[in-house]
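Given next are the chains, with one letter for each unit.
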Amino acid sequence: MRQNLVELIRFSTYAELRAERSRSYLGLIWWVAEPAMMMVAFWLVFDVILKTGGPDYLPFLLVGLTLWQWMKSCITHGGYAIWGNLGLIRQVHLPVLVFPLVQMFADTIKFFYIFGLLLVVLWIAGFEPNMTYFALPAVFVATLLFSAGVGFLMAAVIPLIPDLRFVIEQILTAVMFLSGVVFALDDIPEKLKPWFELNPVVTLLDATRGILMHAQWPNWLALLKVSLISMVICAIGIGVVLRLAPRYPKLAA
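Thresholds applied
- Residues numbered from 1 in each chain as written.
- Predicted model: local features only at pLDDT ≥ 70, side-chain atom pairs only at ≥ 80, totals over all residues.
- Heavy atoms only, no water.
- Helix = DSSP H or I, 4+ residues; strand = E, 2+ residues; numbered from the N terminus.
- Buried < 20%, exposed > 50% of the residue type's maximum accessible area, 1.4 Å probe, protein only.
- Areas by Shrake-Rupley, 256 points an atom, 1.4 Å probe, with all protein chains shown as cover.
- Salt bridge = Lys/Arg side-chain N within 4 Å of Asp/Glu carboxyl O.
- Expected span 1.5 Å × (residues − 1).
- Polar contact = N/O pair within 3.5 Å; in protein donor to acceptor, adjacent residues only side chain to side chain.
- Patch = residues over 30% accessible without salt bridge, like charges linked within 9 Å, V, L, I, M, F, W, Y side chains within 5 Å.
- pLDDT = per-residue confidence, 0-100.
- Phe/Tyr/Trp six-rings, centres within 6.5 Å; stacked < 30°, edge-to-face > 60°.
- Lys NZ or Arg CZ within 6 Å of the ring centre and 35° of its normal.
- Axes fitted to C-alpha atoms, helices over the stretch in contact; angles between N-to-C directions.
- Parallel < 35°, antiparallel > 145°, perpendicular 65-115°, else oblique.
- Left-handed = near helix turned anticlockwise from the far one by under 90°.
- Contact = heavy atoms within 4.5 Å.
- Nonpolar A, V, L, I, M, F, W, Y, C, P; charged D, E, K, R; others polar.

Focus: the overall build of the protein chain
Scanning the protein chain for helices and strands turns up eleven helices and zero strands. Along the protein chain, helices (α) and strands (β) appear in the sequence α-α-α-α-α-α-α-α-α-α-α when read from the amino end. Relative to its full complement of 253 residues, the protein chain shows a buried share of 45%. As displayed, the protein chain offers around 13900 Å² of accessible surface, 69% of which is attributable to carbon and sulfur atoms.

Rendered as structure tokens:
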């Protein structure tokens with residue numbers, strides 16, 4: 001049964017990627033074009049117009065947006081997956097966790113495709129590979145755990161309160177700006193820094209930028225805290241989904 005479930009998730013993830021690629025003329029290129037257009041927009045605003053970007057702002061921005069886009073995609077796509085498949089859930093008996101997992105795995109595969117291109121751009125820009133790259137898997141695992149945990153919680157609740165989607169979109173936009181995705185948090189007042197450091201996204205972004213741009217090892221203690229918190233959120237999210245699973249077919253009626 002477990003092997004069949006793994007095969008189902010693997011095949012469904014592949015099918016989701018194929019379907020997404022076929023839905024647009026640009027296909028795979030759109031996976032790169034979307035974050036690239038966001039990068040250009042923020043670069044024009046913060047670096048060209050406001051002159052607040054600072055040195056190496058483009059690589060700083062590119063790393064931040066690449067990681068954030070992965071996190072946001074896992075949270076939103078995974079979070080909307082059960083709600084978007086309520087009709088199928090009513091007709092076919094499947095573990096409901098399959099739906100968010102497929103979306104998260106598909107977004108993770110897209111992330112690694114984009115991340116490979118990001119590395120090439122950074123190397124061309126002079127940010128050479130270094131030993132701290134060995135810490136990247138730990139950072140990525142923590143990032144995926146956090147994104148999946150939040151995504152599972154959303155996936156559990158949104159079928160019951162669909163309008164919550166619009167609130168979550170606004171919250172994610174606020175989190176993006178409060179996490180240093182598009183601008184550095186070095187200039188914020190000292191008394192506010194401890195509050196910003198409570199944000200797991202800040203820790204994950206700092207760790208990734210430190211590795212790729214400055215050859216710095218991550219703060220292992222902070223990364224461990226984020227990982228442990230993320231595992232707790234994941235466990236709670238999965239538990240809530242499984243508890244509410246019997247209600248979802250009735251919502252589709």
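Remarks on the pattern of salt bridges
Summed over all chains, the structure comprises one salt bridge. Its salt-bridge partner being Asp107, residue Lys110 comes within 3.2 Å of it at the nearest N-O pair. Here Asp107 and Lys110 lie together in helix α5 (residues 98-124), a separation of three residues that amounts to about one turn. Among the residues examined, Lys110 registers a relative accessible area of 10% and is labelled buried.

Some points on helix α9 (residues 200-214)
Here α9 contains 15 residues, and its C-alpha end-to-end distance of 20 Å stays within 8% of the 21 Å for a straight helix at 1.5 Å per residue. Within α9, 13 of the 15 residues are buried, which leaves it mostly tucked inside the rest of the structure. Measuring from the side-chain oxygen of the N-cap residue of α9 to the backbone nitrogen of Val201 gives 3.0 Å; that N-cap residue is Asn199. A positive phi of about 55 degrees marks Ala215, the residue just after α9.

So, a nonpolar patch on the surface
Nonpolar side chains collect at one region of the surface, where Val40, Leu44, Val45, Val48 and Ile49 lie side by side and expose about 380 Å² of accessible area between them. By secondary structure assignment, the location of Val48 is in helix α2 (residues 28-49). On the accessibility criterion, Val48 (34% relative accessible area) is partly exposed.

Observations concerning the confidence of the model for the protein chain
On average, residues of the protein chain score 85 in pLDDT, and 89% of them reach the 70 mark or higher. Element-level pLDDT for the protein chain is lowest in helix α1 (residues 2-22), with a mean of 70, against a maximum mean of 95 in helix α6 (residues 136-157).

What about unusual backbone geometry?
Positive phi values are uncommon outside glycine, yet Ala215 reaches one of about 55 degrees. In this structure, Ala215 sits in the loop between α9 and α10 (220-244). Look at Ala215 and you get partly exposed, because its relative accessible area is 41%.

A few points about the packing of aromatic side chains
A complete count under the given rule lists ten aromatic pairs for this structure. Ring geometry for Trp70 and Phe111: centres 4.1 Å apart, planes at 10 degrees, overall stacked. On the criterion of sequence distance, the pair formed by Trp70 in helix α3 (residues 57-84) and Phe111 in helix α5 is long-range, its members being 41 residues apart. Just as Trp70 is buried, Phe111 falls in that class too. Here the aromatic rings of Trp70 and Phe112 are separated by 6.2 Å at their centres, their planes lie at 50 degrees, and the arrangement is tilted. Within this pair, whereas Trp70 is found in helix α3, its partner Phe112 is found in helix α5, the two being separated by 42 residues in sequence. Through a chain of ring-to-ring contacts, the aromatic side chains of Trp70, Phe111, Phe112, Phe115 and Phe140 assemble into a single cluster. Directly above the aromatic system of Phe60 lies the positively charged group of Arg209, at a separation of 3.5 Å from the ring centroid.

Some remarks on the packing of α9 against α10
One way to put it is that α9 packs onto α10 with a least axis distance of 10 Å and a crossing angle of 135 degrees. Classified by the angle between their axes, α9 and α10 sit oblique to one another. Between α9 and α10 the crossing geometry is left-handed. Together, Pro200, Thr203 and Leu204 of α9 and Ala222, Leu223 and Val226 of α10 make up the contact between the two elements. Here the residues of the contact of α9 with α10 are counted per class, giving five nonpolar, one polar and no charged.

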